[in-house]
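# A closer look at the structure
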Amino acid sequence: MTDALYKATILDHHKHPRHFGTLKRSTHEAHLENTLCGDEVTMQFKVEKGKVIDVAFSGRGCAITTAAASMLTEAVLGKSLAAVKKLTSKDVDKLLGVKVGPAREKCAYLGLETLHKAFS
Amino acid sequence: MTDVSKKSDFPILKRRIHGKRFAYLDSAATAQRPVVVLKAMDEFQRKHNANTHRGIYLISEEATALYEGARQKVAAFIHAQPNEIVFTRNATEAINLVAYAWGRANIVTGDNIIVTEMEHHSNLVPWQLLCKERKAELRVVPVTDEGAVVMKEFTKLLTHRTKLVAVSGMSNVFGTMPDLAVIARSAHRKNALVLVDGAQLAAHVPVDVKKLGVDFLALSAHKMLGPMGIGVLWAKRELLEAMPPFLAGGDMIREVSLQTATWNDLPWKFEAGTPNAVGAVGFGAAVDYLTKLGMGSVRRHEMALTAYALKKLRHIKGVSIYGPTSARLKGGVIAFNVQGIHPHDLATLLDREGVAIRSGHHCAQPLMQKFGVMATARMSFSVYTTKQDIDQCIAAIAKATKVMA
């Protein structure tokens, strides 16, 4: 099956999520659920001198939720807080390399929403 | 297996989905409509559209006759009297009508209402609200892992303070069908009434409200090959007569002064405002179609499909099935999960193969918590479902397991 949504990079992040786990000490964190299916994501960040110096996420979810959150952790590590706060759904689409379509947007953007909640 | 209806009766099923043959396996969410329903609605809009019960001119009389004719058809379908059939938006609104009109007039502090653990949110949340407001108790009968109501527990929970037993006629997750006649007899011995959420039931098995002996039945047309936006509350006449109105406005009144009003006869007392006449006409055409097929044949067709699908599913490694594994004990709905694949991923991958299934909590979150899962996948059948649809689905599941492995 050649399927853009389930391409190798997304499946790789789903099966081997990056920065999966918890931080002992975080400066910012948040938890969100997708009420449609009960998927949940917790994101933790350690920010020092305006930079994200550590990040972790945990929770449970479908391949899209997990892969998008995993990719997001890679994208924000080392970035300035100002840059992280500016991330949008378009950035997530770029990370995934595909537009997920309306039925799966909640999955794809759950990590991003959690991130923004942590910094709000 | 002989198919009860022609797939060609359902224009939407001719669609290609992502270039593939369309296998629609989400009829428990909403069923597709046969061309006779579409035609009846189109004809109403083109030729007979007028407000009902109001105009002193030909097409208003036609519209009224068609609207009331639909009521008679639905009444006959469930063996009820037309003046006991109240048109609502859907089964949810029918249940809310009872919760507001009957519930607020009858439930007092210390009473209890019994529901089961497998209720759809629509037959749970209205009772939660009512019980909270009246300081009444909401009692929940457990179901087994196979989705059978634990009758021993039901009997224990049933007391002289039980005013209502609200139960699904067919679970939208397990497909199980509680023995409504037995529940009604037990409830009536304690002077409790019985409300049946018939949203799933009525599309799949013959329903006779007299034989069941229940007091309220809620239906949604769109689960029964009819359109969305129209449903029915059936209730025993004496109950409807005693109940205060639910929504107030035009058509539900007899006489109105600036300070007071008196109510119209049944069932119009409960139908405030301009009704969804075209929806009712579609509903009437849908029950005509089902009646022509024969609900006994519909049941046999869906039972054979369910047995076939269960057998095929069991042969796929890593598949867990929730609910009975015998088709005799359930309607045409199978909740399942495939190990290592989130149901949303499965639904997306199946969609790519032209197969529409449901994934999620099926508006039954307490049940999902009981299983310890976030969500499940679900396939469900109707009169137009074929073995080929199931084969296509099974092949797509096998393919999905390869992608996600």
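Residues numbered from 1 in each chain as written. Chains lettered and ligands numbered in written order. Predicted model: local features only at pLDDT ≥ 70, side-chain atom pairs only at ≥ 80, totals over all residues. Heavy atoms only, no water.

## Examining the sheet that holds strand S14 (residues 333–338) of chain B
Across a sheet, strands are paired by hydrogen bonds formed along the backbone, either parallel or antiparallel in direction. All names here are of chain B. With respect to topology, 4 strands assemble into an open sheet ordered S13-S14-S17-S16, the strand pairing being antiparallel. What marks the edges here is a single partner per strand, and that holds for strand S13 (319–322) and strand S16 (358–360). Taking the axes of each pair of neighbouring strands and ignoring which way they run, one obtains an average angle of 30° across the sheet. Strand direction decides the pairing type here: S16 and strand S17 (residues 376–380), joined by 3 bridges, are antiparallel. Note that in S17 the partner of Ser359 across the bridge is Ala377. (Pairing = 2+ DSSP bridges. Helix = DSSP H or I, 4+ residues; strand = E, 2+ residues; numbered from the N terminus. Axes fitted to C-alpha atoms, helices over the stretch in contact; angles between N-to-C directions.)

## Section: helix H4 (residues 89–96) of chain A
Residue and element names in this part refer to chain A. Among the residues making up H4, those that are buried are Val92, Asp93 and Leu96. Along the axis of H4, the buried positions cluster into a sector of 105°, meaning they face one direction only. Counted as exposed and oriented over 90 degrees from the buried face of H4: Lys90 and Lys94. Looking at the buried residues of H4, the elements they touch are helix H1 (8–15), helix H2 (63–76), helix H5 (105–108) and helix H6 (110–118). (Buried < 20%, exposed > 50% of the residue type's maximum accessible area, 1.4 Å probe, protein only. Arc of directions from axis to C-beta. Contact = heavy atoms within 4.5 Å.)

## Observations regarding the pattern of salt bridges
Enumeration over the complete set of coordinates arrives at 27 salt bridges over all chains. Here Glu271 of chain B and Arg71 of chain B are joined by a salt bridge, their closest N and O atoms 2.8 Å apart. With a gap of 200 residues between them, Glu271 of chain B in the loop between strand S12 (261–263) and helix H9 (277–293) and Arg71 of chain B in helix H2 (residues 58–77) connect regions that are remote in the sequence. For the pair Glu271 of chain B and Arg71 of chain B, one class covers both residues: buried. Through salt bridges with shared partners, a single network forms among Asp12, Arg18 and Glu74 of chain A. (Salt bridge = Lys/Arg side-chain N within 4 Å of Asp/Glu carboxyl O.)

## With respect to the packing of aromatic side chains
Across all of its chains, the model carries 10 aromatic pairs over all chains by this definition. For Arg104 of chain B, the ring lying beneath its charged end belongs to Tyr100 of chain B, and the centroid distance is 4.1 Å. (Phe/Tyr/Trp six-rings, centres within 6.5 Å; stacked < 30°, edge-to-face > 60°. Lys NZ or Arg CZ within 6 Å of the ring centre and 35° of its normal.)

## Here's the deal with the confidence of the model for chain B
When pLDDT is averaged across chain B, the result is 95; 100% of the residues are at 70 or more. For this predicted complex, the interface confidence comes out at an ipTM of 0.85, alongside a pTM of 0.93. (pLDDT = per-residue confidence, 0-100.)

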